[in-house]
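# Close look at the chain arrangement
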Amino acid sequence: MDLIRIIFSVLIPPLGVFLQVGLGIQFWINILLTLLGYIPGLIHAIYIIARR
């Protein structure tokens, strides 16, 4: 299942975080990071998925 989340994170980083944690604070942080730049959002998403 983590592989699917990582694939979704590469395509749309907030989607991968949403599938992992739901509508928590990490999701909103990832939205903000993705708006500031794709790469920071992607790194944060992969970190969140790998951490749990």
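Residues numbered from 1 in each chain as written. Predicted model: local features only at pLDDT ≥ 70, side-chain atom pairs only at ≥ 80, totals over all residues. Heavy atoms only, no water.

The name that an unreviewed UniProt entry assigns to the chain is YqaE/Pmp3 family membrane protein, with the source organism given as Pseudoalteromonas haloplanktis.

## With respect to the packing of aromatic side chains
If you walk through the whole model with that rule in mind, you get two aromatic pairs. Ring geometry for F27 against W28: centres 5.1 Å apart, planes inclined by 75°, an arrangement best described as edge-to-face. For F27, a relative accessible area of 11% translates into the label buried. An aromatic cluster is present here, built from F18, F27 and W28 joined pairwise through their rings. (Phe/Tyr/Trp six-rings, centres within 6.5 Å; stacked < 30°, edge-to-face > 60°. Buried < 20%, exposed > 50% of the residue type's maximum accessible area, 1.4 Å probe, protein only.)

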